[in-house]
Amino acid sequence: MTHDVVPDAGHWYRVESGSAASTVRRAAERLGGQLGLGENRVAELAIVAAELTSNLVKHAQEGVLLLRPVRTADAAGVELVAVDSGPGMADLTVSSRDGHSTTGTLGIGLGAITRQASWYDAWSRPGHGTVFAVQVWAKEVAATPAWAAGLTRPITGEQVSGDSHAVRTGDGRHQVLVCDGLGHGPLANVAAEAAVAAFRSAPDGPPAAVVTHLHRAMSHTRGAALAVAELDPAAGLLRYAGLGNITGTVLAPDGTRRGLVSLPGIAGHQRPTVRGYDYPFPPGATLVMQSDGVVDRWRAEDYPGLFGRAPVVVAATLLRDAGVRRDDACVLVARIPS
């Protein structure tokens, strides 16, 4: 089975001042240089970072930005995800045009971002803030939105998260993992990363078989709650197996929700019962998986148009609104490939 190389966990920056914006721009330049984007492309990446952070400083409330590398088998790029709870925008298309401004400036920010980006997507709603995701790759790389994307955020006060996620494809299978290492901090992170490594090397098989493999591979760690889902486009099914308190939800195209069954247990400890379940998953359906650091109280009707956006934009919005600061948090979103 081949593996989609999902973005690294990356680093979250709180952007509330010009000095914070400068810190993000310099970090983006360093990352772009490390990934070999080339001098001209790094300069264009710096423009994207500067404009995103400038918008956060000018307009946002509680503005944060995630900076992380993204990779395929033969290329690398930089992803920036800007998230705020500010006034929002009624029409992102209008707001992206050069000359449109709400602060008396030249109004070229979003237009500059979209021109330099290899790929971008966004969602905004008046009174509910904005999420803007941008990827910058080398000019010759044709960037496309991933069919699955996840974000993690550590508990306040920690530098690493005990939550993690992974994606893999091959042999007609599209599988995703979300795991929550017990506790917080470095040891929880070790457990979560062990789960990710075992997932990437697991033999081909349905989710229940993969979960069993992860359980055996994690016996040297403190253990984790985890779940594996498989999207089957040909059959119109989602296959799912989980242990512990990972929440899985299928959101149908008409907005109805269906919860997915995880059994009690801790991967890596004792001998849990592992069982797989199948659910209808028609074209247009969305899978949302989340750790217990994300409250399961969001409603699709509160987010008009969101669930048609790229998975990374959906995940960032739900993490913003439903993630809690007293726990590690992870959201993964997947949509059946067309």
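The structure displayed is predicted, hence computed values, not measured ones.

## Some details on the pattern of salt bridges
Considering all chains together, one arrives at 14 salt bridges under this definition. Where glutamate 29 meets arginine 25, a salt bridge forms, and the shortest distance between an N and an O atom there is 3.4 Å. Placement of the pair is glutamate 29 and arginine 25 together in helix α1 (residues 18-34), with a separation of 4 residues, close to one helical turn. What makes glutamate 29 partly exposed here is its relative accessible area of 29%. Via salt bridges that share partners, Arg173, Glu230, Asp232, Arg239 and Asp278 belong to a single interconnected network.

## Observations concerning the UniProt feature "domain: PPM-type phosphatase" (unreviewed entry) in the chain
Here, the residues flagged by UniProt with the feature "domain: PPM-type phosphatase" (unreviewed entry) are residues 144-336. The distance from the first to the last C-alpha atom of residues 144-336 is 15 Å, and the span holds 21% helix and 33% strand.

## A few points about the nonpolar core
A general feature of soluble globular proteins is that nonpolar side chains tend to end up buried together. Of all hydrophobic cores here, the largest spans 35 residues; its most connected members are Val81, Leu151, Phe307, Val312 and Val331. By residue number, the principal contributor to this core is helix α7 (residues 311-322), which donates 8 residues. Those residues within four positions of phenylalanine 307 in sequence are excluded, and the remaining contacts are Leu251, Thr286, Val288, Trp298, Ala300, Val314 and Arg335. With 29 residues, the next largest nonpolar core counts Ala28, Leu35, Leu37 and Ala122 among its residues.

## Description of the sheet that holds strand β9 (residues 224-232)
Judged by pairing direction, the sheet is antiparallel, and its 5 strands sit side by side in the order β7-β8-β9-β10-β13 without closing on themselves. Single-partner strands in this sheet number two, and they are β7 (163-170) and β13 (277-280). In this sheet, adjacent strand axes meet at a mean angle of 20 degrees when their direction is disregarded. As judged from the 4 bridges shared by strand β10 (residues 237-243) and β13, these two strands associate in the antiparallel manner. In the sheet register, tyrosine 240 faces β13, and the bridge partner there is tyrosine 277. Contacts from helix α6 (residues 207-217) reach β7, β8 (173-181), β9 and β10, with the element oriented near 150 degrees to β9.

## Regarding helix α5 (residues 185-201)
Between its terminal C-alpha atoms α5 stretches 25 Å, which fits the 24 Å expected from 17 residues at 1.5 Å a residue. What α5 keeps buried is the set Gly185, Ala188, Ala191, Ala192, Ala194, Ala195, Val196, Ala198 and Phe199.

## A few points about the pairing of strand β15 (residues 329-335)
Of all 7 residues making up β15, 7 are buried, and the element is well covered by its neighbours. Residues Ala329, Val331, Val333 and Arg335 of β15 are buried on one face, and the alternating residues Cys330, Leu332 and Ala334, pointing to the opposite face, are buried as well. Inspection of the sheet shows strand β6 (residues 148-153) paired to β15 by 6 bridges, in the antiparallel sense. Each bridged residue has a counterpart across the sheet, and for arginine 153 the counterpart in β15 is alanine 329. Where strand β14 (residues 286-290) and β15 come together, 5 bridges link them in antiparallel fashion. The partner of leucine 287 across the bridge, within β15, is alanine 334.

## Details of the environment of arginine 309
Within the element layout of this structure, arginine 309 appears in the loop between β14 and α7. Each C-alpha atom, one on arginine 309 and one on aspartate 121, is 7.1 Å from the other, the two residues being 188 residues apart in sequence. Only 3.3 Å separates the side chain of arginine 309 from the backbone oxygen of alanine 122, close enough to count as a polar contact.

## Re the sheet that holds strand β2 (residues 64-71)
The strand order across the open sheet formed by 5 strands is β1-β2-β3-β5-β4, and the pairing between neighbours is antiparallel. Unpaired on one side and paired on the other, β1 (11-14) and β4 (119-125) mark the two borders of the sheet. Taking the axes of each pair of neighbouring strands and ignoring which way they run, one obtains an average angle of 15 degrees across the sheet. By the bridge criterion, 7 bridges tie β4 to strand β5 (residues 129-137) in an arrangement that is antiparallel.

## So, the packing of α5 against α6
α6 packs onto α5 with a crossing angle of 130 degrees between their chain directions and a minimal axis gap of 9 Å. As judged from the angle between their axes, α5 and α6 are oblique. Taken as a pair, α5 and α6 cross one another with a handedness that is right-handed. Mapping the contact onto sequence places Ala195, Ala198, Phe199 and Ser201 in α5 and Val210, His213, Leu214 and Ala217 in α6. Of the residues in the contact of α5 with α6, the class split is 6 nonpolar, 2 polar and no charged.

The rules behind these values
- Residues numbered from 1 in each chain as written.
- Predicted model: local features only at pLDDT ≥ 70, side-chain atom pairs only at ≥ 80, totals over all residues.
- Heavy atoms only, no water.
- Salt bridge = Lys/Arg side-chain N within 4 Å of Asp/Glu carboxyl O.
- Helix = DSSP H or I, 4+ residues; strand = E, 2+ residues; numbered from the N terminus.
- Buried < 20%, exposed > 50% of the residue type's maximum accessible area, 1.4 Å probe, protein only.
- UniProt positions renumbered as here; feature names shortened; annotations may be inferred.
- Core = buried A, V, L, I, M, F, W, Y, C linked by side-chain atoms within 4.5 Å.
- Contact = heavy atoms within 4.5 Å.
- Pairing = 2+ DSSP bridges.
- Axes fitted to C-alpha atoms, helices over the stretch in contact; angles between N-to-C directions.
- Expected span 1.5 Å × (residues − 1).
- Polar contact = N/O pair within 3.5 Å; in protein donor to acceptor, adjacent residues only side chain to side chain.
- Parallel < 35°, antiparallel > 145°, perpendicular 65-115°, else oblique.
- Left-handed = near helix turned anticlockwise from the far one by under 90°.
- Nonpolar A, V, L, I, M, F, W, Y, C, P; charged D, E, K, R; others polar.

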